[in-house]
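Notes for the structure review
Listed below are the residues making up each chain.
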Amino acid sequence: MTQDPFVAHRSLLFTVAYEMLGSAADAEDVLQESWLRWAGADHAQVRDPRAYLVRIVTRQALNRLRTLSRSREEYVGEWLPEPLLTSPDVAEDIELAESVSLAMLTVLETLGPTERAVFVLREVFELGYGEIAEAVGKTAATVRQIARRAREHVAARRPRVRVSRSEQQAVVERFLAALRTGQLQELLEVMAPDVVMVTDGGGVVAAALVPFHGAGPVAEVLARAHRVVDTLETTAVWLNGAPAGRVEFDGEPSAVDLTVENGRITRIHVVRNPHKLARLDEPTPLTR
């Protein structure tokens, strides 16, 4: 029995929706809506099921993204993407791993919905301008212009240096060890002077409402965590295709993502909102 194309391409479709939305929960909702449309389509008239399904998912994700952009303006504190536990295999595809990193997803949040869709479909999934035009309801010429603007926008904001997996792992382990023991000096040494830390509690758990800037203030806050909780446990994990950390403060989990440049941490993302931590126990398959 031939496998249904939707099932065969589900990981790809989820990855498209997740990169457009930054939320696994919303991506799953989009896939549910897309499945209903696929189930109602005349499959005999579909020449390329993969391209057809990507178009459906893109349109549904665009609709969801326009709705979410309003609700995210009212979000309590800083909004960060939903982290995913992934297998180390995701890192084998360097472009995919970079595109699903929390750092990149945070940059994509600064694009408009159509710009984000065009960038993801063109730069990550390498779709042709004609295919993208059908998905977003624009002409191919317009899509080319949008793609160029989005590419320039992202290039100006993405991490400047790509580090090796081993370097990322080494920095993550140093950071987690220093955090676990509250070693202020070690924290200072592993961070760049202009490091920025962003925490996302969503108004549900304690988290700073604005980012911390500078190695001194960030290290002091992190070192203090060791003293204000009864138990602090750290585990090295793979999040969004890169080495990262799972930290439990008195049993409450947080996901910690680090951006590393030249051997030091330049950005720290701490996701504490429990509604965004549902995907920390089982790896999520991502593909393109």
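Structure: above.
The structure displayed is predicted, hence computed values, not measured ones. (Residues numbered from 1 in each chain as written. Predicted model: local features only at pLDDT ≥ 70, side-chain atom pairs only at ≥ 80, totals over all residues. Heavy atoms only, no water.)

Now for the packing of helix 2 (residues 10-21) against helix 4 (residues 49-73). One way to put it is that helix 2 packs onto helix 4 with a least axis distance of 9 Å and a crossing angle of 25°. Classified by the angle between their axes, helix 2 and helix 4 sit roughly parallel to one another. Relative to helix 4, helix 2 is oriented so that their crossing is right-handed. Touching Leu-12, Leu-13, Val-16, Ala-17, Met-20 and Leu-21 of helix 2 are Arg-50, Leu-53, Val-54, Val-57, Thr-58, Ala-61, Leu-62, Arg-64, Leu-65, Leu-68 and Arg-72, all from helix 4. Classifying every residue of the contact of helix 2 with helix 4 gives 13 nonpolar, 1 polar and 3 charged. (Axes fitted to C-alpha atoms, helices over the stretch in contact; angles between N-to-C directions. Helix = DSSP H or I, 4+ residues; strand = E, 2+ residues; numbered from the N terminus. Parallel < 35°, antiparallel > 145°, perpendicular 65-115°, else oblique. Left-handed = near helix turned anticlockwise from the far one by under 90°. Contact = heavy atoms within 4.5 Å. Nonpolar A, V, L, I, M, F, W, Y, C, P; charged D, E, K, R; others polar.)

The next subject is the packing of aromatic side chains. What the rule picks out here adds up to 3 aromatic pairs. With centroids separated by 5.3 Å and ring planes inclined at 70°, the aromatic side chains of Phe-6 and Trp-35 adopt a geometry described as edge-to-face. Separated by 29 residues along the polypeptide, Phe-6 in helix 1 (residues 5-8) and Trp-35 in helix 3 (residues 24-39) bring together distant segments of the chain. By relative accessible area, Trp-35 is classed as partly exposed at 35%. On the basis of an interplanar angle of 5° and a centroid distance of 6.0 Å, the ring pair of Phe-14 and Tyr-18 is categorised as stacked. In this pair, Phe-14 and Tyr-18 are both assigned in helix 2, 4 residues apart and thus about one turn of the helix distant. (Phe/Tyr/Trp six-rings, centres within 6.5 Å; stacked < 30°, edge-to-face > 60°. Buried < 20%, exposed > 50% of the residue type's maximum accessible area, 1.4 Å probe, protein only.)

To continue, consider a nonpolar patch on the surface. A surface patch of nonpolar side chains, about 280 Å² in accessible area, is lined by Val-76, Leu-209 and Val-210. Within the secondary structure layout, Val-76 lies in the loop between helix 4 and helix 5 (94-100). Look at Val-76 and you get partly exposed, because its relative accessible area is 44%. (Patch = residues over 30% accessible without salt bridge, like charges linked within 9 Å, V, L, I, M, F, W, Y side chains within 5 Å. Areas by Shrake-Rupley, 256 points an atom, 1.4 Å probe, with all protein chains shown as cover. Salt bridge = Lys/Arg side-chain N within 4 Å of Asp/Glu carboxyl O.)

Its 14 residues place the ends of helix 12 (residues 215-228) 20 Å apart at the C-alpha level, agreeing with the 20 Å of an ideal helix rising 1.5 Å per residue. Among the residues making up helix 12, those that are buried are Ala-215, Val-218, Ala-219, Leu-222, Ala-223 and Ala-225. Buried positions in helix 12, seen along its axis, are confined to an arc of 135° and lie on one side of it. Of the exposed residues in helix 12, the ones pointing more than 90 degrees away from its buried face are Arg-227 and Val-228. (Expected span 1.5 Å × (residues − 1). Arc of directions from axis to C-beta.)

Membership of the largest hydrophobic core comes to 51 residues, with the highest contact counts inside it found for Phe-14, Leu-108 and Val-136. Elements with a contribution of two residues or more to this core: helix 2, helix 3, helix 4, helix 5, helix 6 (102-108), helix 7 (113-124), helix 8 (129-136) and helix 9 (140-155). Ranked by residue count, the leading element in this core is helix 2, at 8 residues. When sequence neighbours within four positions are dropped, the list of residues in contact with Leu-108 reads Glu-19, Arg-116, Phe-119, Val-120 and Val-154. (Core = buried A, V, L, I, M, F, W, Y, C linked by side-chain atoms within 4.5 Å.)

Adjacent strands of a sheet form backbone hydrogen bonds with each other and so pair up, either parallel or antiparallel. As summarised here, the arrangement of the 6 strands in space is 2-1-6-5-4-3, forming an open sheet in which the pairing is mixed. Each having just a single partner strand, strand 2 (212-213) and strand 3 (232-239) make up the two edges of the open sheet. Pairing of strand 1 (residues 191-200) with strand 6 (residues 264-271), which is carried by 6 bridges, proceeds in the parallel orientation. Paired with Thr-199 across the strands is Val-270, a residue of strand 6. Of the strands in this sheet, strand 1, strand 2, strand 3, strand 4 (242-249) and strand 6 touch helix 12, which is tilted by about 55° from strand 1. (Pairing = 2+ DSSP bridges.)

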